[in-house]
Amino acid sequence: MALQGPEEVGEQVEEPEDLDDQDASSISPAEEITLPPGAGGDEEPVEAFLLPWDRFSAWLHCICVVGFDLELGQAVEVIYPHHSKLSEKEKTSICYLSFPDSNSGCLGDTQFCFRFRQGSNRKSSLGCFLETTDRDAPPCLKREQGHYYGYVYFRQVRDKSLKRGYFQKSLVLISKLPYVTFFHSLLKIMAPEYFEKQEPCLEAACNDMDRWPTPHPGRILTLPIMGVVIKVRIPTSYDKPGTSQLVQSAQSDSSVSIVLPTIHEVDLFRCFYPVFFHIQMLWELVLLGEALVVMAPSPAESSETVLALVSCISPLRYCSDFRPYFTIHDSEFKEYTTRTQAPPSVVLGVTNPFFAKTLQHWPHIIRIGDMKQAGEMTKQTKVKKLKNLKTLDSKPGVYTAYKPYLNKDEEIIKQLQKGVQQKRPSAAQNAILRRYFLELTQSFIIPLERYVASLMPLQKSISPWKSPPQIRAFNQQDFMKTLEKAGPQLTSRLKGDWIGLYRHFLKSPNFDGWFRSRRREMTQKLEALHLEALCEEDLQQRIQKHTEVEAVDLVLKLKDKLTQAEREQLPVRPGTLTKLRAHIEAVILALPEDLQGILHKPPTP
């Protein structure tokens, strides 16, 4: 995704007010409001061919109920739909990650999320369709390839009728989509109903979801679930970063119960409050893909803080592993806690005091206190030494020997401090902090975008009868030279060692992931331009000068080009593929009948 500079952005959209709850009888079936053609607004006729459970599968892999058995411990009691497949390893991961550690003492209802490795590389029947819907999603909202998210609603209440004395159960949504705000809102509707009415309630919810439109970026969706209607908009990569995620539709919203302005953003200010004075240093650590562990009193605070950390470099995608809630039972526990090698590039969220000892060798540790006690501004301004961290009882703060590359931005600290003193609404504080991180990330990444764009060959160098030209290699020294006149100083007031920060970043997984994505986009653009150039040629006149063998070779190459364009969704001008098909057909019809019959046969799979 190419980031927009401040001068390229459009008007900010207005955020609609929440609408009052409506009577369930007035709710209409799932409907889909499409935007005008353009970014994410094209109709997808393929939706008409979706099979039963395909729509559900576009949102969720499955729903699990995890209970506590005195003999077995945590166990998956129900998987719905019943045909959903989970390996034994995946079930074990879900069991352990769906319950808070015993020391968390979570009485009542608790919501949090976790992320775990997919056990086997199972292919979805929706694969090709989901790739299409994923194409226009922002980098941070694309489907996970090798991981699942688990969104948990855990209930623990006293129950004298049970041997253990407590009712303990979790309702868990398993999905590849990182829509944390949306799925937590969904669970607030589903879970209380489920705990009261049990499995028939799950069946009804799943049937509702299987009538939903698919989560296509750029569309405003109304999603009925158990007598309530949620209205959301799936963001696109074309949206202006930092604007409201939901636009007011012209259609009447009388049936809508809940309007979600965002499907994925967490409250950054609330999450960073306990380590308030170190936000800029934390941004650097996340940007550079450093090994980070968050020690928190509960899974809710652990998972929210980890999600806040990986989102603070948005719209840049965090490309390393991250675990919002991690336990000693995790299958990667040994891999991530070994002392025989340097800690991996991963952000872990933990609650078990055992980790204070196990992860003592990690270079950067964030200790989060109880977020509910956010009445006064934290007094902790200094970074603590790692040797002072003994247990989870240690005071909140950041324990690291890291020296930031950039000078501290005192203005943002003063602005947020003033907001706390004046009792500025939390939403406003969150918006200020989110804008700060966005501008900082954009100031950092725009020079890279500008340099990488210069690696693209000129359009006049594209010849229809030669292979598309190659993108020039990224040269670190050449890039560094551009920073003198076109560096972050053009858009950021911050001073410091920007060059050192870039050198470190260029060795990080985040740069590798970003550059691979940009290179893939540029390669596809070159292929698209090459295809358009081919379509402008008079192919019939050209083949008159060539042999039948050469004409057949041309047809086969053009068919390959067409297949590639459809498979990779190349960004060609409208009508290009139709024109290419017509060219192929015209060339075939100019050949002898026996060859026409062979070339008209569909290719064998």
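Not measured: the values here are computed from a predicted model. Here, residues in each chain are numbered from 1, in the same order as that chain's written sequence. Under the rules for a predicted model, residues below a pLDDT of 70 receive no local features and side-chain atom pairs below 80 are neither given nor counted, while totals for whole chains, interfaces and linings still include all residues. Hydrogens and water molecules were not included; the side-chain quantities draw on all heavy atoms of the structure.

S.K.: Mind laying out the pattern of salt bridges, listing which residues take part and the relevant values?
M.R.: One speaks of a salt bridge when a side-chain nitrogen belonging to Lys or Arg is within 4 Å of a carboxyl oxygen belonging to Asp or Glu. Taken as a whole, this structure holds 28 salt bridges when the rule is applied. Across the salt bridge formed by Glu335 and Arg117, the nearest N and O atoms sit 3.1 Å from each other. Taken together, the residues Glu335 in helix α9 (residues 333-337) and Arg117 in strand β4 (residues 108-117) connect sequence positions 218 residues apart. Partly exposed describes any residue whose relative accessible area lies between the buried limit of under 20% and the exposed limit of over 50%, with all areas from a 1.4 Å probe on protein chains only and scaled to the type maximum. A residue is classified by how much of its surface remains accessible, and Glu335, at 38% relative accessible area, is partly exposed. The helix count covers DSSP runs of H or I at least four residues long, the strand count covers runs of E at least two residues long, and both are numbered beginning at the N terminus.

S.K.: Which residues make up the nonpolar core, and what values do they have?
M.R.: Buried residues of nine kinds, namely Ala, Val, Leu, Ile, Met, Phe, Trp, Tyr and Cys, make up a nonpolar core once their side-chain atoms join them within 4.5 Å. Within the largest apolar cluster, 111 residues are counted, with the highest numbers of intra-cluster contacts made by Trp59, Phe182, Phe272 and Leu448. Formed jointly, this core draws a minimum of three residues from each of two domains, domain 1 (54-203) and domain 2 (267-522). In this structure Phe272 touches Ile279, Leu282, Ala308, Leu309, Cys312, Leu433 and Phe437, once residues within four positions along its chain are discounted. Among the nonpolar cores identified, the runner-up in size contains 23 residues, and Ala551, Ile588, Leu595 and Leu599 belong to it. Residue ranges for the domains originate in an automatic or database domain assignment. Between two residues, a contact is recorded if the distance between any of their heavy atoms is within 4.5 Å.

S.K.: Give me the lowdown on the packing of helix α12 (residues 426-453) against helix α13 (residues 476-486), citing residues and values where you can.
M.R.: Packed helices, taken two at a time, are described by the angle their axes make and the gap between the axes. Think of each axis as a best-fit line through the C-alpha atoms, taken over the contacting stretch in the case of a helix, with angles from 0 to 180 degrees between the N-to-C directions. At a minimum axis separation of 10 Å, α12 and α13 run at an interaxial angle of 120°. Comparing their axes, α13 and α12 come out oblique. The handedness of the crossing between α12 and α13 is right-handed. From α12, Pro447, Leu448, Arg450 and Tyr451 reach across to α13, where they touch Asp478, Phe479, Thr482, Leu483 and Ala486. Of the residues that constitute the contact of α12 with α13, the class distribution is six nonpolar, one polar and two charged. Here the angle decides the label: under 35 degrees means roughly parallel, over 145 means roughly antiparallel, 65 to 115 means roughly perpendicular, and every other value means oblique. Put simply, a crossing is left-handed when the front helix is turned counterclockwise from the back one by less than a right angle, and right-handed when it is turned clockwise. Classes in brief: Ala, Val, Leu, Ile, Met, Phe, Trp, Tyr, Cys and Pro nonpolar; Asp, Glu, Lys and Arg charged; the others, Gly included, polar.

S.K.: Break down the packing of α12 against helix α14 (residues 498-505) for me, with residues and values.
M.R.: Between α12 and α14, the shortest axis-to-axis distance is 12 Å and the interhelical angle comes to 75°. Classified by the angle between their axes, α12 and α14 sit roughly perpendicular to one another. Across from Leu440, Ser443, Phe444, Ile445, Pro447 and Leu448 in α12, the residues of α14 making contact are Trp498, Leu501, Tyr502 and Phe505. Of the residues that constitute the contact of α12 with α14, the class distribution is nine nonpolar, one polar and no charged.

S.K.: Report on the packing of aromatic side chains, specifying residues and quantitative values.
M.R.: When two rings of Phe, Tyr or Trp (its six-membered ring) have centres within 6.5 Å they constitute a pair, described as stacked for plane angles under 30 degrees, edge-to-face for angles over 60, and tilted for the intermediate range. Under the definition given, this model contains 41 aromatic pairs. Three or more aromatic residues joined by ring pairs form one cluster here, namely Trp283, Phe444, Tyr451, Phe474, Phe479, Tyr502, Phe505, Phe511, Trp514 and Phe515. Above the face of the Tyr148 ring, Lys176 is positioned so that its terminal group lies 4.7 Å from the ring centre. For a Lys NZ or an Arg CZ to count as sitting over a ring, it must be within 6 Å of the ring centre and within 35 degrees of the ring normal.

S.K.: Could you give me a rundown of the environment of His61, with the residues and numbers involved?
M.R.: If you trace the backbone, His61 turns up in the loop between α1 (54-59) and β2 (62-69). C-alpha separation for the pair His61 and Lys85, spaced 24 residues apart in sequence, amounts to 8.6 Å. A polar side-chain atom of His61 sits 2.8 Å from the main-chain carbonyl oxygen of Lys85. For the purposes of these results, a polar contact is taken to be a pair of N or O atoms within 3.5 Å, where, inside protein, one atom must be able to donate a hydrogen and its partner to accept one; residues adjacent in sequence count only when each atom of the pair is a side-chain atom.

S.K.: Would you mind going over the sheet that holds strand β13 (residues 364-367) in detail, with residue names and values included?
M.R.: Between any two strands, pairing holds if DSSP finds at least two bridges. Spatial strand order, β11-β12-β10-β13-β14: five strands in an open sheet with mixed pairing. The strands lining the two open edges of the sheet, one partner per strand, are β11 (321-323) and β14 (397-400). Along the sheet, successive strands turn relative to each other by an average axial angle of 15°, direction set aside. In this structure, β11 lies alongside strand β12 (residues 346-350), joined through three bridges in parallel fashion. When the sheet's bridge partners are listed, Asp321 is paired in β12 with Val346. Of the strands in this sheet, β10 (292-295), β11, β12 and β13 touch helix α8 (residues 299-311), which is tilted by about 160° from β12.

S.K.: Which residues make up the sheet that holds strand β6 (residues 166-175), and what values do they have?
M.R.: Read from one edge of the open sheet, five strands run β3-β2-β6-β5-β4, paired in antiparallel fashion. Either end of the sheet is taken by a strand with one partner, and the two such strands are β3 (73-80) and β4. Going across the sheet, the axis of each strand differs from the next one's by a mean of 25°, ignoring polarity. Summarising the sheet, strand β5 (residues 147-158) and β6 pair through ten bridges and their orientation is antiparallel. Residue Arg158 lies in a different strand from β6, and its bridge partner there is Tyr166.

S.K.: Explain helix α17 (residues 548-567) to me, and be specific about the residues and the numbers.
M.R.: Between the first and last residue of a helix there are one fewer steps than residues, each counted as 1.5 Å, and that sum is the expected span. Compared with the 28 Å implied by 1.5 Å per residue over 20 residues, the 29 Å span of α17 between its first and last C-alpha is a close match. Residues of α17 that are buried: Ala551, Val552, Leu554, Val555, Leu558, Lys561, Leu562, Gln564 and Ala565. Where α17 is buried, its residues touch α15 (509-535), α16 (539-543), α18 (576-589) and α19 (593-600). Remark: Gln569 follows α17 within two positions and exhibits a positive phi of approximately 50°.

S.K.: Give me the lowdown on the environment of Val306, citing residues and values where you can.
M.R.: Locating Val306 in the fold gives a position in helix α8. Setting aside residues no more than four positions away along its own chain, Val306 makes contact with Val294, Phe322, Arg323, Pro324, Val347, Leu348 and Gly349.

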